[in-house]
Amino acid sequence: MTTSCCPDNSWGAPLHVSHGTKSLDGARGELCKIGPSKDLEIYVSRPQGEGASQKALCVLTDVYGLQSRLFAICDKLAAELQ
């Protein structure tokens, strides 16, 4: 990797998405609300392809909450989870 901000084998520089963006454009997953009052918003991204995965990974947000960069990271992790 040639980007000076990132060590070799890293994910690279952050995506060029503002932290306030909550767009699902290009995202593979979906936003859902869970909990007794349906007041906790989560993003669910599932592995693609044959067979249902029996694995799960919970990613907690930073101070910016649910936003496009986090969706992209979750999609990448879900693709590698199979």
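Details of the structure are given in the entry above.
Residues numbered from 1 in each chain as written. Predicted model: local features only at pLDDT ≥ 70, side-chain atom pairs only at ≥ 80, totals over all residues. Heavy atoms only, no water.

Participant: Explanation requested: the overall build of the protein chain in the structure shown.
Facilitator: When you go through the protein chain residue by residue, the secondary structure sums to one helix and two strands. Order of helices (α) and strands (β) in the protein chain, N terminus to C terminus: β-β-α. Looking at the protein chain as shown, the accessible area adds up to about 6,300 Å², and 53% of this sits on carbon and sulfur atoms. (Helix = DSSP H or I, 4+ residues; strand = E, 2+ residues; numbered from the N terminus. Areas by Shrake-Rupley, 256 points an atom, 1.4 Å probe, with all protein chains shown as cover.)

Participant: I tried to follow the packing of aromatic side chains on my own but got confused; where do I start?
Facilitator: To describe a pair of aromatic rings, you give the distance between the ring centres and the angle between the ring planes. Inspection of every chain in the model, using the stated rule, returns one aromatic pair. Judged by centre distance (4.3 Å) and plane angle (25°), the ring pair of Tyr 43 and Phe 71 falls under stacked. Residue Tyr 43 is located in strand E2 (residues 40-44), and its partner Phe 71 is located in helix H1 (residues 68-81); the two are separated by 28 residues in the primary sequence. Taken individually, Tyr 43 and Phe 71 each receive the classification buried, so the pair is uniform in this respect. (Phe/Tyr/Trp six-rings, centres within 6.5 Å; stacked < 30°, edge-to-face > 60°. Buried < 20%, exposed > 50% of the residue type's maximum accessible area, 1.4 Å probe, protein only.)

Participant: Help me understand the environment of Leu 66 in this model?
Facilitator: Looking at where Leu 66 falls in the secondary structure, it is placed in the loop between E2 and H1. Exposure remark for Leu 66: the relative accessible area of 18% places this residue in the buried category.

Participant: What's the story with the layout of surface pockets in this structure? I'm lost.
Facilitator: To find leftover empty space, a probe the size of one water molecule is rolled over the atoms. Size it by volume and the largest pocket reaches roughly 600 Å³. Around the largest pocket sit 24 residues that line it, and Tyr 43, Val 44, Ser 45, Leu 57 and Cys 58 are the ones nearest its centre. Of all the secondary-structure elements, those providing two or more residues to the lining of the largest pocket are E2 and H1. Tallied by class, residues from the lining of the largest pocket come to 17 nonpolar, four polar and three charged. (1 Å grid on protein atoms, 1.4 Å probe; cavity = no way out; pocket = protein on both sides within 12 Å on 5 of 7 lines; lining within 4 Å. Points joined across faces, edges and corners; volume = space filled by probe spheres on them. Nonpolar A, V, L, I, M, F, W, Y, C, P; charged D, E, K, R; others polar.)

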